[in-house]
Amino acid sequence: ALPSKSSASAAESSNEVAVTPSPCRESSSLARRMGGKVALVSAFIDSDSPIDFLVEHHALELESDASVSQHTSTTGDIKRLCGDFRKLNASGARQLLAWRFGLRFEKETGAYPSAAQLE
């Protein structure tokens, strides 16, 4: 039997957050105001299908995980890209996927990958 729409919606909403707007999250605030789905950064990092994740959501809530938002690889460009996926081009998507790979690699091995490993 297929899960009911309400149970699927409940499962999706567990990865979504409602956050008060702040100046550093202007782009993701815009995504929320326009009805976009904002997900926790940890859900993106842990996702088995990150490309589908980018398609299904409109922004990431970086401040939900201080270790990620303050990580040295989380640059201003990455924060901007996380703010509104609808503005994401192929280059930006590659940047987000490489960033995600680096964080997952570090989580599993204890060391951030080299630039050559990220390419």
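Use the structure listed above.
Since this is a predicted model, take the numbers as computed values, not measurements. (Residues numbered from 1 in each chain as written. Predicted model: local features only at pLDDT ≥ 70, side-chain atom pairs only at ≥ 80, totals over all residues. Heavy atoms only, no water.)

A. Quick peek at the pattern of salt bridges. Tallied over the entire structure, the rule returns 3 salt bridges. The salt bridge involving Arg80 is made with Asp77; its shortest N-O contact spans 3.9 Å. Taken as a pair, Arg80 and Asp77 lie in helix H6 (residues 76-83) at a separation of 3 residues, close to a single helical turn. With a relative accessible area of 49%, Arg80 lands in the partly exposed category. A relative accessible area of 42% places Asp77 in the partly exposed class. Note that Asp84 and Arg86 form a salt bridge whose closest N and O atoms lie 3.2 Å from each other. (Salt bridge = Lys/Arg side-chain N within 4 Å of Asp/Glu carboxyl O. Helix = DSSP H or I, 4+ residues; strand = E, 2+ residues; numbered from the N terminus. Buried < 20%, exposed > 50% of the residue type's maximum accessible area, 1.4 Å probe, protein only.)

B. Fine view of the side chain of His57. By the secondary structure assignment, His57 is in the loop between helix H4 (50-56) and strand E2 (59-61). A residue is classified by how much of its surface remains accessible, and His57, at 8% relative accessible area, is buried. For His57, the side chain forms a polar contact with the main-chain oxygen of Phe53, separated by 3.0 Å. Sequence-distant contacts of His57, defined by excluding residues within four places in its chain, comprise Lys37, Ala39 and Phe85. (Polar contact = N/O pair within 3.5 Å; in protein donor to acceptor, adjacent residues only side chain to side chain. Contact = heavy atoms within 4.5 Å.)

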